[in-house]
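Structural characterization, general
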Amino acid sequence: MFIQDLKNDFYRHLVGKRILIIVNYDIDAICASKILQALFQYDHMLYTVVPIMGITGLRRAYGEHQGDVKYVLLVNCGGCVDIVELLQPAEDVTFFICDAHRPLDVCNIYSDRQVCILGDAALEENIPAFETIFHDSDEEDDDQDQSDEEDEEEVHNDSGAGDSDGDEDSAQRPAVRPKLTRLERHEQRILRQRARRQWESERDRIMFEYTQFSYYGRSTALLIFELAWKLSKDNMDLLWWAIVGISEQLLLGKIESGAYTLELEQIQSHVSRLTNKTNDQNTMSASKISFENDLHLVLYRHWPVTDSMRYSRYASCQLKLWTLRGEKRLHELLLEMGLPLVHARQTYSSMDLVLRKEFYSMVERLAEKYDIPDIVYGTFTLSYGYRSRYAAADYVYALLAIMESVKKHKTPEDCFMEASDALNRQHKQLLGAGIDNAKLLHAAIFRQVQSSLEARQVHSAGSFFYYVLQEEHAFFSYPYALGLLAKFILRGHVATSRARAAPDLPLIATCPLDATQGMCLLVGIAPVREDSPKNFFGKAFEQAAQKSKTTLLQDFFEPSVVQLRQSDLTRFLDALTVLLT
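Structural notes, computed from the coordinates. Please read these numbers as outputs of a predicted model, since none were measured by experiment.

**Some details on the overall build of the chain**
- A tally of helices and strands in the chain yields 23 helices and 17 strands.
- In terms of its C-alpha atoms, the chain occupies a principal-axis envelope of roughly 120 × 60 × 45 Å.
- Out of the 581 residues in the chain, the part that is buried amounts to 50%.
- Within the chain, contacts between residues at least 6 apart in sequence are counted, and of these 72% link residues at least 24 apart.
- Averaged over its 62 positive side-chain charges, the chain has a centre that lies 12 Å from the centre of its 84 negative ones.

**Observations regarding the side chain of Glu-404**
- As for its position among the elements, Glu-404 is in the loop between α18 (392-403) and α19 (412-422).
- Here Glu-404 sits buried without a salt bridge, and the closest side chain of opposite charge, Lys-254, lies 11 Å off (N-O distance).
- In this view, Glu-404 contacts Tyr-478, Pro-479, Tyr-480 and Ala-481; residues no more than four positions away in its chain are not counted.

**Concerning the packing of aromatic side chains**
- Under the defined criterion, the tally for this structure stands at 21 aromatic pairs.
- Judged by centre distance (5.5 Å) and plane angle (80°), the ring pair of Trp-240 and Tyr-395 falls under edge-to-face. Residue Trp-240 is located in helix α11 (residues 236-251), and its partner Tyr-395 is located in helix α18; the two are separated by 155 residues in the primary sequence.
- Look at Tyr-395 and you get buried, because its relative accessible area is 0%.
- Three or more aromatic residues joined by ring pairs form one cluster here, namely Trp-240, Tyr-384, Tyr-390 and Tyr-395.

**A closer look at the environment of Asn-8**
- Structurally, Asn-8 is set in helix α1 (residues 6-14).
- Remark: the alpha-carbon pair of Asn-8 and Tyr-390, spanning 382 residues in sequence, is separated by 36 Å.
- Reaching out from Asn-8, the side chain makes a polar contact with the side chain of Asp-5 at a distance of 2.8 Å.
- A polar contact of 3.0 Å, which involves the side chain of Asn-8, links it to the side chain of Arg-12.

**Considering the pairing of strand β14 (residues 507-514)**
- The buried fraction of β14 amounts to 6 of the 8 residues, a majority that puts the element mostly inside the structure.
- For strand β13 (residues 465-468) and β14, the ladder comprises 4 bridges, and the chain directions are parallel. Looking across to β14, one finds that Tyr-467 is bridged to Ala-509.
- The parallel pair β13 and β14 is bridged by helix α21 (residues 479-496), and the resulting crossover is right-handed.

**Some remarks on the sheet that holds strand β1 (residues 2-3)**
- Pairing is parallel in the open sheet, where 6 strands are placed in the order β1-β7-β5-β4-β2-β3. Each end of this open sheet is capped by a strand with a single partner; those strands are β1 and β3 (47-52).
- Sheet topology places strand β4 (residues 71-75) next to strand β5 (residues 94-98); 5 bridges connect them, and they run parallel. Residue pairing in the sheet places Val-72 in a bridge with Phe-95 of β5.

**Things to note about helix α20 (residues 428-454)**
- For α20, with 27 residues, the first-to-last C-alpha span of 39 Å sits near the 39 Å given by 1.5 Å per residue.
- After α20 finishes, the residue Arg-456 shows a positive phi value of roughly 55°.

**Some details on the pattern of salt bridges**
- This structure, assessed with the given rule, holds 22 salt bridges.
- A salt bridge links Arg-529 to Asp-504; its shortest N-O distance comes to 3.1 Å. On the criterion of sequence distance, the pair formed by Arg-529 in the loop between β15 (519-525) and α22 (537-548) and Asp-504 in the loop between α21 and β14 is long-range, its members being 25 residues apart.
- Asp-504 gets classed as partly exposed once you look at its relative accessible area, which sits at 41%.
- Several salt bridges share partner residues, and in doing so they unite Glu-292, Asp-294, Arg-301 and Arg-389 into one network.

**A word on the packing of α11 against α18**
- The N-to-C vectors of α11 and α18 enclose an angle of 75°; their axes lie 9 Å apart at closest approach. Classed by the angle they form, the pair α11 and α18 counts as roughly perpendicular. Packed against α11, whose contacting residues are Trp-240, Ile-243, Val-244, Ser-247, Glu-248 and Leu-251, the element α18 presents Ala-392, Ala-393, Tyr-395, Val-396, Tyr-397 and Leu-399 at the interface.
- Of the residues in the contact of α11 with α18, the class split is 10 nonpolar, 1 polar and 1 charged.

**Thoughts on the state of the cysteines**
- Under the defined criterion, the tally for this structure stands at 0 disulfides.
- Cys-520 takes part in no disulfide bond, and the closest cysteine sulfur to it belongs to Cys-511, at a distance of 8.6 Å.
- Residue Cys-520 is classed as buried on the basis of its relative accessible area, which comes to 1%.

**Some words on the sheet that holds β15**
- In space, the 6 strands of this open sheet follow the order β12-β13-β14-β15-β17-β16, with mixed pairing throughout. Strands at the two margins of the open sheet, each flanked by one partner only, are β12 (458-460) and β16 (552-553).
- Sheet topology note: the β16/strand β17 (residues 561-565) ladder contains 2 bridges and is antiparallel. For Leu-553, the partnering residue across the bridge sits in β17 and is Gln-563.
- Packing against the sheet, α22 makes contact with β14, β15, β16 and β17, and its axis sits at approximately 135° to β15.

**Digging into the pairing of β5**
- With 5 of 5 residues buried, β5 is to be regarded as a mostly interior element.
- Along β5, one buried face is formed by Thr-94, Phe-96 and Cys-98 and the opposite face, lined by Phe-95 and Ile-97, is buried too.
- Relative to strand β7 (residues 115-118), β5 is paired through 3 bridges, and the arrangement is parallel. If you follow Ile-97 over to β7, its bridge partner there is Ile-117.

**Here's the deal with the side chain of Ser-560**
- On the secondary structure map, Ser-560 appears in the loop between β16 and β17.
- Here Ser-560 falls in the buried class, since its relative accessible area comes to 4%.
- At 3.0 Å, the side chain of Ser-560 forms a polar contact with the side chain of Glu-558.
- Contacts of Ser-560, omitting those with residues within four sequence positions, involve Leu-522, Val-523, Gly-524, Asn-535, Phe-537, Gly-538 and Phe-541.

Basis of the calculations
Residues numbered from 1 in each chain as written. Predicted model: local features only at pLDDT ≥ 70, side-chain atom pairs only at ≥ 80, totals over all residues. Heavy atoms only, no water. Helix = DSSP H or I, 4+ residues; strand = E, 2+ residues; numbered from the N terminus. Buried < 20%, exposed > 50% of the residue type's maximum accessible area, 1.4 Å probe, protein only. Contact = heavy atoms within 4.5 Å. Lys, Arg positive; Asp, Glu negative; His and termini not counted. Charge placed at Lys NZ, Arg CZ, Asp CG, Glu CD. Salt bridge = Lys/Arg side-chain N within 4 Å of Asp/Glu carboxyl O. Phe/Tyr/Trp six-rings, centres within 6.5 Å; stacked < 30°, edge-to-face > 60°. Polar contact = N/O pair within 3.5 Å; in protein donor to acceptor, adjacent residues only side chain to side chain. Pairing = 2+ DSSP bridges. Right-handed = clockwise from strand over helix to strand, strands pointing away. Expected span 1.5 Å × (residues − 1). Axes fitted to C-alpha atoms, helices over the stretch in contact; angles between N-to-C directions. Parallel < 35°, antiparallel > 145°, perpendicular 65-115°, else oblique. Nonpolar A, V, L, I, M, F, W, Y, C, P; charged D, E, K, R; others polar. Disulfide = S-S within 2.5 Å.

As structure tokens, this is what we get:
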């Protein structure tokens, strides 16, 4: 069931209790968990935070901690699976689900008490009505069949009676309903079975329409920040974490730019309120959040301008910067901007102060002419001290690089804690290291895109494109990095392709995971021309696996990211081609 009053029905219900917080491995979830921890620490509440990467991790985390807690909070996980069926909890355990993944599982939605979803049911899309998907048909059929058998027994018993005692008993017995013949009972049973089959067919259709696309709802971090605001426990740090959470949704293509724009006005009101509220006069410790129009250029404040434009997906693909003609066009743009090549190749912070101040206006003025009109977007920046100034996008890319830096001596849990600490202003060195790793990641993505497009490694299967990385790669063996590579490659291929249908075709990218086990990671990307970020690959992968009789590991909470054996890849893609044709 949905809980709309988070202050009374959620937070105050948890005060004084021990809580298990299970957090998915994504930036929005990390930001939401940071806000929750700040609230719980304020009220001296006991809690345990466990990061997970998928359904297996969720099952393991709950199994290890279920003896200690009766209240479990799931952050960006558990909403799209039947949580009671999956975890088999005791009846006195209550789950609170705060999950941006959609669509939500109907069993969670219609749970009476044990599963509580934080959010407003009115904002959800096309939730099926209860009576269309739940029906006690088995019990009704059993009861009906039993009554038919009793009627038949009564017919046999009554046929031999005829003495006076029997007449007296029959006079006292209430009137019974007319007996049905065996043929009539058989016809009724057939009609009931036919009606049940029709209802099941209609239910399957409704459920397919409800679950065929995976997409994202409102930012979890923003939802939890609004709880902090209603509790009068919000501050600049909590607001900044919420901003980073929703910025991740925008930059990774999880939500439409329209949905992001709708949230901006409310966030700006929070910024104004908290700016006026703060009395911290110490410039070194005071933080300031400001809204401004910025550029869709990756980490350009921490990089040379030429590198940032080359490694940014949108600008690079619009100008085709992996080609000689594209490089020449970039030099023309810089020349017309009045930005000397010597300065453009310097780190942005080392550029002339006048050029830095005019850089945004110079790019904006020429955006239409060079076919990069969407390079400008509204965002927030955080300033503290004299020199520290970061855009929300800088935090997103840095945290993403930290989370993807799993190595033999560094577990995902270590990366999760490091990313969580990097959100604190006191750990500026962690953020700096994350930005440096993000530079390496985006440079590797560009090099891979350049070599793949030059070697024509993007192939068409008719109804979709597919791209296969033949060797294990240090960066692309992780879902987010492979997703960024796939989006860059698809956009680059569409930019250079002469096929009219290219912008309307999705892409499937795959990368080997573990050579010893023979597994590979598969990710499905929506078409470039698709306005909505809804993704149909989760359902398509499931059906293709059934048709090709391949074993698919759908362990991630993002259905369009799966694992399968490399030996099954060709058979799986053939089945997917037939399915989508």
